[in-house]
Structures are given as C-alpha cells and as structure tokens.
Amino acid sequence: MPAVSKGDGMRGLAVFISDIRNCKSKEAEIKRINKELANIRSKFKGDKALDGYSKKKYVCKLLFIFLLGHDIDFGHMEAVNLLSSNKYTEKQIGYLFISVLVNSNSELIRLINNAIKNDLASRNPTFMCLALHCIANVGSREMGEAFAADIPRILVAGDSMDSVKQSAALCLLRLYKASPDLVPMGEWTARVVHLLNDQHMGVVTAAVSLITCLCKKNPDDFKTCVSLAVSRLSRIVSSASTDLQDYTYYFVPAPWLSVKLLRLLQCYPPPEDAAVKGRLVECLETVLNKAQEPPKSKKVQHSNAKNAILFETISLIIHYDSEPNLLVRACNQLGQFLQHRETNLRYLALESMCTLASSEFSHEAVKTHIDTVINALKTERDVSVRQRAADLLYAMCDRSNAKQIVSEMLRYLETADYAIREEIVLKVAILAEKYAVDYSWYVDTILNLIRIAGDYVSEEVWYRVLQIVTNRDDVQGYAAKTVFEALQAPACHENMVKVGGYILGEFGNLIAGDPRSSPPVQFSLLHSKFHLCSVATRALLLSTYIKFINLFPETKATIQGVLRAGSQLRNADVELQQRAVEYLTLSSVASTDVLATVLEEMPPFPERESSILAKLKRKKGPGAGSALDDGRRDPSSNDINGGMEPTPSTVSTPSPSADLLGLRAAPPPAAPPASAGAGNLLVDVFDGPAAQPSLGPTPEEAFLSPGPEDIGPPIPEADELLNKFVCKNNGVLFENQLLQIGVKSEFRQNLGRMYLFYGNKTSVQFQNFSPTVVHPGDLQTHILSGPAQPPASPRRPSSPWGSRLTQLAVQTKRVAAQVDGGAQVQQVLNIECLRDFLTPPLLSVRFRYGGAPQALTLKLPVTINKFFQPTEMAAQDFFQRWKQLSLPQQEAQKIFKANHPMDAEVTKAKLLGFGSALLDNVDPNPENFVGAGIIQTKALQVGCLLRLEPNAQAQMYRLTLRTSKEPVSRHLCELLAQQF
Amino acid sequence: MMRFMLLFSRQGKLRLQKWYLATSDKERKKMVRELMQVVLARKPKMCSFLEWRDLKVVYKRYASLYFCCAIEGQDNELITLELIHRYVELLDKYFGSVCELDIIFNFEKAYFILDEFLMGGDVQDTSKKSVLKAIEQADLLQEEMGLA
C-alpha cells in the first residue's frame, strides 16, 4: 500500500491545516483563514503564471476552507483549468473542487462540460471514470442535456472496461432520476437488462440500481429482468461462503448485490412463470433457513450482513403477500428478533412487523407477540425503539385486543416523550373510535386522553368526540354525566372545558334530574372555569349558556345577569361582545317557541372520514393509516362502527386546514340548517318583518327537485367536453340532434356567474324541461323560485356551530318547463366557491320529447382553476415561494406527449385562459413557461405556482405544479396536462 | 439511495460531507447542525437507526468519529450500517490504521476513496480489492506522470 502523502504531499496544505488546528479561538481561525484567502487571491491574480502544482495546492486549500464552513467565491476558474491538466492528481483535485462547490454559472458549466467531453473521449478508463463521477456529482440539467445521450452508449459498448461500465451505470441513474425526459430510451435498454448476467460482480451491483429505477417507471419494458434477477439471486444464495471471493463479506456472499436484487424484485408482482416462481420461493426459503443456522462468525458484521438480506427477503415476502407459509415463517423470525439482545434488530423487527400486521395471512401471527411488544413499550431505553413499539401496537390492534392496547397506550402516555405524545394521542383516539363496541368506553377513553395529555389533544380529536356523541343518542346521557364529573376536578384542561361546555349545552338536560347535577349546579360549574379560559372557549361557553336558557328556563335570570355584565357586553373582544349582545337580546325578545326552534339540538353530522385519521396520515406521510384503511384485514369492523368508517366512495375528505366545527370562526348559534322554517324566525328576531327572503326551498319544490340519487351517470364524453372548457369560458358544451347547450361564464375571485343556453333544435316542443345542478360531493344547491339570494344570510352562516364543509354553492333559477321548437331558453347560475374541490358539479337535463323521456347528465364546466386570480411577481419572489413549497406532496408533476402542435403563442393563450399570470424573465430558459396565481375560495386561498417545459425535439412537455394543498396540485396538474 | 453522508467528531466538528442530491448551501448547513445535535445527544447503547425528517438516519461511531448516513424510506438500514463499516475498512487499509487526523490532513483522499466506493448515492463496487486497486492505480499514475 502506498504510504500516504508520498508523491503528492502538499506541504503548504499540511502546514495550513496545522495552523488552523492550532488556532486557540474562533477569531484566530477566521483571521488565519482571511490571511490565506488574501494570499491565494493575490497568487491567482498575480502576473506570474502559476504552475500546476501551485494551482492544485491553492485550490485544495480553498476546498478545505469551504469544508470548514466558510463561503468561497473564487477559484472556480483555476479549478476548471486543472481539469485539462495532463497530471492525474491535478485533474482529480479539479474535479473534486467542481463536485463539492457546484456552481450553476453557465459560462463555467460550458468549460467544465468541454473538459468532461475530452476525458470521456480519451479512452483512458481512469479519466473516463473521473468525468463520469463529476457528471453524477453535479447532476444538473445542463450536464444531462450535454451527456445523457452519450452515457448509455458507453454503458453498453463492448469495449468499455468494467470499471467504466460501473460508473456509467450509476451516472446514468443519477441523470435519469434528475431529468428522466433527457435520457433517451432505445435499444440500449434491452442490453442493460442483460448486464444482470455480467461476469463481473461489480458491474452487476452497479447495474441493478439503474435497472430498478428504470423498472419503476416502465415496468412492462423491463419485465425480462425478473427471471434474470431470480437466477442471479439463486446462484448467490446457494453459493458457499467463499465462492465469491472478494465479494464475500464476513462469510456472507455478496450481501449488497443480494439486497439490491431483492429490492428489484419488489417492483413486480410474483413471477407468473411457475419455474421462475419455484426457484424464487426456494431462494426465499433458503434465506429463512440460513437465519436458523449457527453463525459462521461472531463478528457483528457477519450477522448484520446476513440479516440485511433476511429483512429484505421479508420485505419481498410481504410485498407479494400471497404465500401464507412464508408470511408466517417471516413473522416467527421477526418474533425471535423482538427479544434479541441487539437493539438494532429489535428496532427493525418492530418496524418490519408493522407491515406484516396488515396482511390477512399473518395478522393473527403478529398478534401473538402482543405481550412482548407491550413490554418493549414499557422497558426499551431508546425512544426510537419505543416509538416503533407504539406503531406496531397500533398496527396489530383489532377488536379482540383493542381494550388492552388502548389502555397500555394510555398508560404509556403518562410518561411518554414529549416528541411523540401527539402522535400517540391521535392513535389512541382512532383506535378507540374504530373498535368501540360500546360508546361509553369511547367517551371514557377520549376524556382520559384529555386528562392525561390535554395539551397534545388537537382540535380534531375533541371535535370528533362531539360529532360522535351528537350522532349517537345511546351515549349522550352517559357523555353528559361523565363530562360533568370530569369538570369537577379542581384543575381540568381547557379542552375538557370545551368538550364539557358543548356536551352540557346539548345534552345537559339528560342529567338534570339528579339534584347533584341540577341545572344551576351545571351552570355554576361551567361558569367557574369561564374566567380562566381563552377567548375561543369563552365564546363556546356563551353559546352553551344561551342553550341553557332554552333547556332550563330556571337559569334564565342568572344567565342574563352574566350576559349583561359589563365584562361581557363591553368586552374588548368583538366576538365575545357580539355574542353577549345578541344572546341577551335573543333571550329577552324571543318567545319560548322561537327559542326552542332556534336553539334546537344539533342535527347529526354528515358521515365522513375521521379527520383524526387524516391528520395522522399527514403527520406520518402516506401509508401511515394503512393498517386502518385496510378493510380487507377486518371486514367485520365496518358494521360495528356504522357509517363512521371511512368509505372512500362516499366521503368527502376534509382538507387539512378544515375547521371541523367552524369554531375558529366561532359564529354563535343561529338556525340549524335542517329546520328551514327556523331561518325565517331568526330573521324576524334580528331584522324585523321587513326583510323576508326565502332562505330554504319551499316544501313543494324541495320534493320535486330530484335528489342526487335520481341523477344518472354523466355521459361518456362528459370528461372530454369538460376538458374543452378548462382554458375557456364560452362555447358549446353539448350538442345532439335534439338539443344544444351553450355556455357563457365569468368568474371573479371566488364568485362566478354562468349562463346556460338550451336550444331546442327540433320543431317540436320539449315538455317538462328541467335542468338541475347537483354536486356529486357535497354541493349546496338552492333551487329558488324567487329572485336569486346569496346562499346564506348575509349576517351569519346558517349553521349553529359553523358552516359545514361545503365546497361549492350553486344557485340556479328555474326555467320554463316548456321549450318551443326552435326556441332557446336561458338559465343563470350563481356560483360561489366555498373551498377547494376536485369534482365538477353535474348538470342533469330531463325533458319529454314527443312523449319519450329524455335524460342526460353532463359535467358543468366549473373547475377549480376558474377561481384563479393571476399574480404577478418578480423572479426572486417566485423562486423563494417555489422553494417554500418544496414538500414532495405539494408538488405534482406530469411528463406527457404533445397532442397538439407545439406553438408558443397557443400555449401562452391556454395558460392565460387557465387563469394564472404568465411570468416573463423568471425561467432561465426562455422556452419554458412560468405562471403564478391564487385560487380564491371563501374558506381559504391556495397559492399556485406552475412551470411548463416544452421539449420540441421529443414532442413532450413536463408540467410541474406546486401549491400549498396536495390534492389541488395534483388536480390542477391533471386538468392542465390535458390541454396541450 | 443515500442522500448524504457526514463524518463528524464528538466535538461536533464536521470532517467530511458528501451530498448526493443537489441541496442549497444554506439548507446543508442547517441539516448538518440539526442532525449532529440529534446524533451527538444519543447514548452509546442506543440503536443505530432513527427517523429524521422524512429520512432514515444510520450512524455508527468509530473512536472519536461519527459516520452518519441519511437514506430513503425504502432503503435497507443494516446494509447501510455495513456500508459504513466497509468504508472504514477501506480507509484503514489505505492509511494503515486510520485515525481522525488522517482524514483531516488527507481529506481529499478520503473523498477519492468514497467516490470509488459509492456513486450518486449507490454502491458502485463492494470489493475491497477493486476499490483499493483503483486508488492504487491513481497513485501510481500520478507518480509516473510526475517522473515524465
């Protein structure tokens, strides 16, 4: 082995590093560095041409300074000069500097690319590898553009050295990951697959990574790799521990390659070919068998390498999820690891078992380890291991062990690390709801959660308990009794006050018979907490008080006294003051009948996916809630929870920022939306009889207008028709022999008005002509016979505890039931976008033509982008915002073939029609389009940034959308991608 | 795929950093600071893996130096642990019982060896012989050229 720093020792560098190490203080170090920087700068600027050695030395010093954490803003040119040196070490240092201090300076990139090009063409394998390394290290688009076409050639060329092939494979992988559109597919791809058969293990090792990545994007093109991978794997697994010489690692044959091959196989379903499958199953069994053999070495490296293969094998078995025998064996193996003395193995076993728990074949086997896992939760000294144990308990939970698991998790919560408390709270809340057999247990569990970890109980959790109590009358009395008792604790958490306030306001009457919880006692108990609470809680309590006046007339005088107090009527907080004033007036003006109607018990909440589950998924990333989503595992659980179960086909997923009960906006009780008549009463109270808009449908119309269940599915071409209107607002929406429907629409902020023109193309009158608009999700349609009214009273949202999660409000006016032959009728739609939505409303048109009923359902051209407001911004702002939206789920990207001629002007017009502003001089490439806008909805605004990169040569586009809301990014991306 | 590898001392001095995904300088510094803090706070017997941001971190201490890799969700932790070990072996073989000072004074060599072993965050060659042969050849090449 060559002694270090022999030939190429740079004395100056060593001296400098020693100097830095001898610095006694940070200041001294900075002083020394500045001195050196000044020296280097003067050398570089000096008249005397530097020799290669000095250049190398100074560049190396700069690199060292940079690695110490200081900024380096010069020396790049000298480094580039080194690239073309014919001395290997100088070249090497030049490349190192470039790789570490990537600079997007385009002038420099061109020079670097030139040097790389020369080295790639040099046919000197050492130089070629250096160049390939540099490309992989920088991996920028410019480099991709320059070299993506050459590298596949080098990779499959017959005369390339093995080491060059290895570097080329991984270099190509890097470029493909960065810009897949730049790497041309072609005949090389077929030859790449055959590298799996290569003699040289190093070549195979490098190539498998590339193939795995290519497979993920184009599984069908690379199908042949499955059988090749299986036979390679089988040869390795069955080889003796010394067969593979230097590729044997601590008596384990080729562990890295084995892991990579097993990973590659996870891109595909189990092989269909029986022979291949048999061979593979044999391999997997061999790996499982070897785990039981005595170790060939006591070194930890031996067992780690062996177990790395074992865990990857188990991942593959879980991925296939089709071999019950293997799944159970995998589970038993992991069970052994759960008690292993190596912390690392316990950690991985817990992690791996989590996925195993969701397979129907192994779920029961996983459950047998419950005591070990509970013990791990209690005794593991490492928080990351305890976290895994909590995850596994959550995943293995079902109805048979829910009570045990929930109580263990609650116990753990008392001492749990702060970092994971919120997650545990969410998990307990979900399990308690999902597996509740009797809901009193559920209520107890949630109240316990608040008691033990009140600070970590998020809104979603306590909103949910209110929803469930409201929807299930069998638990209401118990809930009222329990919260009443909980509130008696001297120090109870504010979340408890919120839950208590709401539940007593709704159901306090159910326990009022007991003198210990008589109305005055209930009231004074709640009011004793009032002054210590935040504004939002006090607002909620005020609503409880007005509900008390209705429930318990005997408390009216006391409560009015409280409302009348100066601290309420003149409260500095406008929300509290308004509530106090209005409630006081309401309680004194309205008759008991009116009060009883206005303050009626809340109607049941619409069934929807638990927002807690959504929150947990958000916290843990996709797949976190999979154990629970997985209906397959425990089909019976659907029944026990009735409609509370998430059923993807019917639920509307509340957005992450959704305020479930609207308590942030905190509107006071007004008329419940279910009782339409009450709206008028409320208006009477506040506005007097002068204004009497008809808020709800009149009974007659409500019966006539078809409900969503009467509406047929949209016609097959509905999507295509809709796509035509994504970037434009006017045109013909539909036409057949009978009918033509034209659209004219305008949108401003979150409001829109649409005119629909129905033309009768025949000479016969249409009868019973009735167009209806419904939303497949939760659109609010008001069919008004009178003049158009805004969807809700201008004073207040019409729901007592806040408006429901409605996405769009559309008002339509009725049109005449007869359309004469050749005539056209017009219908006006007023649209308000309340929050972001994904599915457009449906327009259903029914009429009778010559006695035959006709029906047709179209998608109304209202897509989320209609509510775009263009936003101009400077390049700098754009990039800053772009970076801010860098979470993977905030971005949606699509690469697609152009369906129309690629004309820049047409593209521009389409993007403007889409609604975003087009920003010039932002993208360094003038061919690209960059846009920005804000989607305006009533509830929230969603900022959107977009980038469209046409590639005229390939006739492809790449479209990237970034918004603050994941579904919006995806949806906009899909809408817009259809347009080009 | 490995996202980055860091070598740092018990005192929190960064000795080597290799990034396999373009990351801004500011972001790098922030991540290094944050991760060093997390890892240095852990006790000796704790497990070598932890979840950090959306990544998995695998680390191991050799004498005074921590070797710390960030990998993606699908990657294999144990094989990454052994990848660290193989790198340490390579350094050891090249420098002859390597210590922190060797890496400080010959940081460029430490980079070259790592580059022969890993590329773009993936294992290029796992054979000790191949990697060292490549480095040896490079050293030889430089001497020949020096003579010429």
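Scroll up to find the structure this text is about.
Residues numbered from 1 in each chain as written. Chains lettered and ligands numbered in written order. Predicted model: local features only at pLDDT ≥ 70, side-chain atom pairs only at ≥ 80, totals over all residues. Heavy atoms only, no water.

## Things to note about the overall build of chain B
Then, in step 1: Within chain B, the regular secondary structure consists of 5 helices and 7 strands.
Then, in step 2: If you list the helices and strands of chain B from N to C, you get β-β-α-β-β-β-α-α-α-β-β-α.
Then, in step 3: Burial status across chain B gives 62% buried among its 148 residues.
Then, in step 4: Intrachain contacts of chain B at a sequence separation of at least 6 include 48% that bridge at least 24 residues.
Then, in step 5: Of the accessible surface of chain B, which amounts to about 6,000 Å², a share of 52% is contributed by carbon and sulfur atoms. (Helix = DSSP H or I, 4+ residues; strand = E, 2+ residues; numbered from the N terminus. Buried < 20%, exposed > 50% of the residue type's maximum accessible area, 1.4 Å probe, protein only. Contact = heavy atoms within 4.5 Å. Areas by Shrake-Rupley, 256 points an atom, 1.4 Å probe, with all protein chains shown as cover.)

## Focus on the pattern of salt bridges
Then, in step 1: With the rule as written, the count across this model stands at 52 salt bridges over all chains.
Then, in step 2: Residues R388(A) and D391(A) are paired through a salt bridge, measuring 3.1 Å at the closest nitrogen-oxygen approach. Taken together, the residues span about one helical turn, with R388(A) and D391(A) both in helix 21 (residues 383–396) at a distance of 3 residues. Of the two residues examined, R388(A) and D391(A), each falls in the buried class.
Then, in step 3: Between K427(A) and D391(A) there is a salt bridge, with the nearest N and O atoms lying 2.3 Å from each other. On the criterion of sequence distance, the pair formed by K427(A) in helix 23 (residues 418–434) and D391(A) in helix 21 is long-range, its members being 36 residues apart. Each member of the pair, K427(A) as well as D391(A), carries the same accessibility label: buried.
Then, in step 4: If you follow the salt bridges from partner to partner, you end up with R388(A), D391(A), E423(A), K427(A) and E51(B) in one network. (Salt bridge = Lys/Arg side-chain N within 4 Å of Asp/Glu carboxyl O.)

## Things to note about helix 4 (residues 107–117) of chain B
Then, in step 1: Burial analysis of helix 4 of chain B places 10 of its 11 residues in the buried class, which makes it a mostly covered element.
Then, in step 2: When helix 4 of chain B is considered as a whole, its buried residues turn out to be F107(B), E108(B), K109(B), A110(B), Y111(B), F112(B), I113(B), L114(B), D115(B) and F117(B).

## Considering the sheet that holds strand 4 (residues 55–62) of chain B
Residues and elements named next belong to chain B.
Then, in step 1: Taking strand neighbours across the sheet as the criterion, the 5 strands line up as 2-1-5-4-3 in an open arrangement whose pairing is antiparallel. Strands with a single pairing partner mark the edges of an open sheet, and in this sheet they are strand 2 (14–19) and strand 3 (49–52). Averaged over all pairs of adjacent strands, the angle between their axes in this sheet comes to 20°, without regard to strand direction.
Then, in step 2: Summarising the sheet, strand 3 and strand 4 pair through 4 bridges and their orientation is antiparallel. Paired with W52 across the two strands is L55, which belongs to strand 4. (Pairing = 2+ DSSP bridges. Axes fitted to C-alpha atoms, helices over the stretch in contact; angles between N-to-C directions.)

## Some points on the packing of helix 14 (residues 255–265) of chain A against helix 2 (residues 77–95) of chain B
Then, in step 1: Their axes nearest at 11 Å, the elements helix 14 of chain A and helix 2 of chain B cross at an angle of 150°. Taken together, the axes of helix 14 of chain A and helix 2 of chain B lie roughly antiparallel to each other. Crossing of helix 14 of chain A over helix 2 of chain B shows left-handed handedness. Residue-level contacts link P255(A), W256(A) and V259(A) of helix 14 of chain A to I79(B), E82(B), L83(B) and R86(B) of helix 2 of chain B.
Then, in step 2: For the contact of helix 14 of chain A with helix 2 of chain B, the residue count by class is 5 nonpolar, no polar and 2 charged. (Parallel < 35°, antiparallel > 145°, perpendicular 65-115°, else oblique. Left-handed = near helix turned anticlockwise from the far one by under 90°. Nonpolar A, V, L, I, M, F, W, Y, C, P; charged D, E, K, R; others polar.)

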